[in-house]
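Each chain, letter by letter, is given below.
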Amino acid sequence: MSQAVSQADLDDVTRAVTRAVLERLGAPSLVATMPGSAASDSELIKQVVREVLSTLASEEPSADPVAEPPSDPASLTTPRGARLLPIQGALPSLEHCRACVEQEKSRQRQRAVLTTTGRNQRGIVARLTARIAELGGDIVDISQTLVGDYFTMILVVDVGALDVSYEQFQTEVVEAVRGLGCHAMMMHEDVMVSLHRV
Amino acid sequence: MLWETEEVASTLRMIESEHLDIRTTTMGISLRDCVTDDLGVTCRKVYDKVTRRAARLVATANEVQATYGVPITNKRISVTPCALIAEASGASSYVPLAETLDRAGAELGIDYVAGFSALIEKGITPGDAVLLDSIAEALATTERVCSSVQVATTKAGINMDAVARMGRIIKDTAARTASRDGIGCAKLVVFANAPEDNPFVAGAMHGVGESDCVINVGVSGPGVVLSAIRRLKQSGRRWDLGDVAETVKRTAFKVTRAGELIGREMVRRLGPEARFGVVDLSLAPTPAIGDSVAEILEALGLERAGAPGSTAALALITDAVKKGGVMASSYVGGLSGAFIPVSEDRGMIEAVEAGALSLEKLEAMTAVCSVGLDMVAVPGETSAETLSAIIADEISIGVANNKTTAVRIIPVPGKRVGEKAVYGGLLGEAPVMAVSRFSPEEFIRAGGRIPAPIISLRN
């Protein structure tokens, strides 16, 4: 968040926003079947509220989240370009929405730890980091050791604003490294934090 | 550097080569709202509820596995003890309910649905009786259903009539699955002090005091613990059993933390229906090489699991696992100890085959670990009374020590000591163990209830 917001303010905002979101999503026309939809109600609510909160945190004016319900809900796009999809089934409670927002706040960062090993090659760092940047990753830290011809590189990558899903990012980066003749393994930082920090 | 190289390397090593994995994420589902006076209607309600609640269990586990790289080996379901659910129906067999659970499991892609169970520590109600009579057929005709029966608690004492009955049920179940080495018995557990939130099959059940839908996680770390102990021994410096305890404690912390992370993430993604239950921090082996609790005992300096010193070593390990794991998770529950299933642990199998591990030594070891006589194959000709007496012994250990103990014993039809029962997969293979030839018949036939021990009067 770019400005200090008190917990009470945040609660109020969360409440108001979630109420508005629930009202919008609760419209009967939205409860439609969508074949192959993998989005769960809670996942969607969380995504929307997260979008709203990050919009509130930024300086740019954004679409008023408590605006009139749109005539065609499927055409609605959030400021970051996500499309609002119809949901099926029972709606999550206000409690749950609040809990999701709390949980998102506590997950302040989304990072991955990438370990690469192989024979040293010209330009490998440049090509790997370029690919990561292409996919929307932001390299936060690099450490490299060279033993003779072999190197081990550990990169910490911020994956909070990827252009693709985390799983896809992981697949593409590991593939890119393999294409450079080296071996890579990626771990979500949460695993590291949970195992090595009390 | 945000992360030390050693931290990154050790995490990769744990996942890639030391078999760190989540043994199971088990969804516990309450069937209390499915009770009706018509078993057909109850079955339909059960099917609907289970398939609805667990619809995304497998997919979510696969997603979480993909994100974190920690394998989630099994996704399972446990339900409210079925005797409670079916009793009001007045039906004379609950096999249809077992078949319903089996179908639901198949639909969801789940390999085990546990909870075809009864709690009869103080007495057997009409519903309990029907369930007991349905067990053998249910386990023979279904693939995925697991059953458990609680015959004693520290507070209630031991229902010896129930114990006698279970010996007969086990024989019957074995006979009905004789062509598959009595595999029905591999899905049947007799308990003292059964936990309400145990995520490990075959004894999992969703207790009456639980909420509507929970996720319980069982971790698995024998491989990680074994590697840590081996590194300690190879470190070159002098080590004693205190160092071993410390090493196991720290390792158990990490393993349990993985379970906590995965469990929380599963619940987060599954949405409002599922709540976080517990992490069961048990050390649970598999037949895979390097994933053995017996090998841990051997790494401590015993020639074979079952040699003198095994009970002490196991006590050390189990205690260290608990101490490390408890710090790692907000809610620890289930069995939370060390498992010594004979067929599911390569080191245990070899110990039996080498003649190092006997049934009697196994019984002693169960006094300090968490499961009991688990996946023990005995000769097919073992009498029901002898089986009941073996059960009574194990149950008494649990009752007298205020801990959970259980028996999953298989009298393998047509097989004798020196032969093996082969089940495959996680159930592994079990060498048939020798049983005392002396008879407990009169003791078992006496029946009745052994009163609760004095330690139960804690008020």
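This is a predicted model, so every value here is computed, not measured.

1. Things to note about the overall build of chain A
Scanning chain A from terminus to terminus reveals six helices and four strands. Along chain A, helices (α) and strands (β) appear in the sequence α-α-α-β-α-β-β-α-β-α when read from the amino end. Burial analysis of chain A (198 residues in total) assigns 39% to the buried set. Expressed as a percentage of contacts within chain A between residues at least 6 apart in sequence, the contacts between residues at least 24 apart total 74%. Carbon and sulfur atoms make up 53% of the accessible area of chain A, which totals about 10,700 Å².

2. Quick look at the interface of chain A and chain B
Chain A puts 33 residues into the contact, and the matching count from chain B is 30 residues. For the pairing of chain A and chain B, the buried interface totals around 2,900 Å² over both sides, and the portion due to carbon and sulfur atoms is 65%. Ranking the residues of chain A by area buried against chain B places L195(A), H196(A) and R197(A) at the top, with a combined share of 19%. Taken together, the connections running from chain A to chain B amount to one salt bridge. Every element with two or more residues in the side of chain A that touches chain B is listed here: α2 (41-57), α3 (94-106), β1 (111-119), β2 (138-147), β3 (150-158), α5 (166-179), β4 (183-188) and α6 (189-196) of chain A. Sorting elements by how many residues they give to the side of chain A that touches chain B places α6(A) first, with eight residues.

3. Focus: the sheet that holds β2(A)
Residue and element names in this part refer to chain A. The antiparallel open sheet is built from four strands, whose spatial order is β2-β3-β1-β4. Among the strands making up the open sheet, the edge pair consists of β2 and β4. Sheet twist, expressed as the average angle between the axes of neighbouring strands with direction ignored, equals 15°. Where helix α4 (residues 124-134) meets the sheet, its contacts fall on β1, β2 and β3, and the angle it forms with β3 comes to roughly 20°.

4. What about the pattern of salt bridges?
By the definition in use, this model includes 36 salt bridges over all chains. Between E7(B) and R197(A) there is a salt bridge whose closest N-O contact spans 2.7 Å. Here the residue E7(B) occupies a position in helix α1 (residues 5-16), and R197(A) occupies one in the segment after α6, the pair thus bridging two chains. Residue R13(B) pairs with E18(B) through a salt bridge whose shortest N-O separation is 3.2 Å.

5. Re the confidence of the model for chain A
Residue and element names in this part refer to chain A. Across chain A, the average pLDDT comes to 70, with 51% of residues at 70 or higher. Segment residues 27-39: pLDDT under 50, and 13 contacts once partners within four positions in sequence are set aside and those in other chains are kept. Low pLDDT (under 50) marks residues 59-71, which in the prediction has twelve contacts with non-local residues, meaning those over four places away or in another chain.

6. Description of the pairing of strand β6 (residues 188-192) of chain B
Residues and elements named next belong to chain B. Most of β6 sits inside the fold, with five of its five residues counted as buried. Here β6 shows two buried faces, one formed by L188, V190 and A192 and the other by V189 and F191. Here five bridges tie strand β4 (residues 145-153) to β6, and the two strands are oriented parallel to one another. Paired with A152 across the bridge in β6 is A192. Two elements, β6 and strand β10 (residues 405-412), share three bridges in a ladder whose sense is antiparallel.

7. Some points on the side chain of T25(B)
Residues and elements named next belong to chain B. Checked against the element boundaries, T25 lands in strand β1 (residues 21-29). The buried category is assigned to T25, whose relative accessible area is 0%. In contact with T25, other than residues within four places in its own chain, are A61, I72, N74, K75, R76, N216, V217, I262 and M266.

8. So, the nonpolar core
As a rule of thumb, soluble globular proteins bury nonpolar side chains together. Grouped together as the largest cluster of nonpolar side chains are 159 residues, with contacts concentrated most on V50(B), I77(B), V151(B) and I317(B). Residue contributions to this core peak at ten residues, all from helix α9 (residues 241-270) of chain B. Non-local contacts of I77(B), meaning those with residues more than four positions away in its chain, are made with T26(B), M27(B), I29(B), V50(B), A54(B), L57(B), L108(B), I110(B), Y112(B), V113(B) and A114(B). Of all hydrophobic cores here, the second largest spans 21 residues; its members include L135(A), F151(A), M153(A) and V159(A).

9. Some points on the packing of aromatic side chains
All names here are of chain B. Counted under the stated rule, the structure contains one aromatic pair over all chains. Consider the rings of F200 and F339, whose centres lie 4.8 Å apart with planes at 75°: the pair is edge-to-face. Pair noted here: F200 is in the loop between β6 and β7 (213-220) and F339 is in the loop between α11 (310-328) and α12 (346-353), with a separation of 139 residues, a long-range link. The ring of Y47 has R103 lying over it, and the distance from NZ or CZ to the ring centre is 4.8 Å. The ring of F276 is capped by R264, whose NZ or CZ atom sits 4.1 Å from the centre of that ring.

10. What to know about empty space enclosed by the protein
Residues and elements named next belong to chain B. Here the structure, examined in full by the defined rule, presents two cavities of 30 Å³ or more. Considering only enclosed or pocket space, the largest cavity measures out at about 340 Å³ in volume. Around the largest cavity, the lining comprises 27 residues; the ones closest to its centre are F200, V201, A202, E344 and R408. When residues of the lining of the largest cavity are assigned to their parent elements, the largest contribution, three residues, is made by β10. Looking at the lining of the largest cavity residue by residue, the classes come out as 19 nonpolar, two polar and six charged. Its volume calculated, the second largest cavity comes out at about 50 Å³. Together, V219, S220, G221, V225, A252, V255, T256, L281, S282, L283 and V321 line the second largest cavity. The set of elements that each furnish at least two residues to the lining of the second largest cavity consists of β7 and α9. Here the element with the most residues in the lining of the second largest cavity is α9; it accounts for three residues. Partitioning the lining of the second largest cavity into residue classes produces seven nonpolar, four polar and no charged.

Reading guide: rules and limits
- Residues numbered from 1 in each chain as written.
- Chains lettered and ligands numbered in written order.
- Predicted model: local features only at pLDDT ≥ 70, side-chain atom pairs only at ≥ 80, totals over all residues.
- Heavy atoms only, no water.
- Helix = DSSP H or I, 4+ residues; strand = E, 2+ residues; numbered from the N terminus.
- Buried < 20%, exposed > 50% of the residue type's maximum accessible area, 1.4 Å probe, protein only.
- Contact = heavy atoms within 4.5 Å.
- Areas by Shrake-Rupley, 256 points an atom, 1.4 Å probe, with all protein chains shown as cover.
- Buried area = accessible area lost by both parts, 1.4 Å probe.
- Salt bridge = Lys/Arg side-chain N within 4 Å of Asp/Glu carboxyl O.
- Pairing = 2+ DSSP bridges.
- Axes fitted to C-alpha atoms, helices over the stretch in contact; angles between N-to-C directions.
- pLDDT = per-residue confidence, 0-100.
- Core = buried A, V, L, I, M, F, W, Y, C linked by side-chain atoms within 4.5 Å.
- Phe/Tyr/Trp six-rings, centres within 6.5 Å; stacked < 30°, edge-to-face > 60°.
- Lys NZ or Arg CZ within 6 Å of the ring centre and 35° of its normal.
- 1 Å grid on protein atoms, 1.4 Å probe; cavity = no way out; pocket = protein on both sides within 12 Å on 5 of 7 lines; lining within 4 Å.
- Points joined across faces, edges and corners; volume = space filled by probe spheres on them.
- Nonpolar A, V, L, I, M, F, W, Y, C, P; charged D, E, K, R; others polar.

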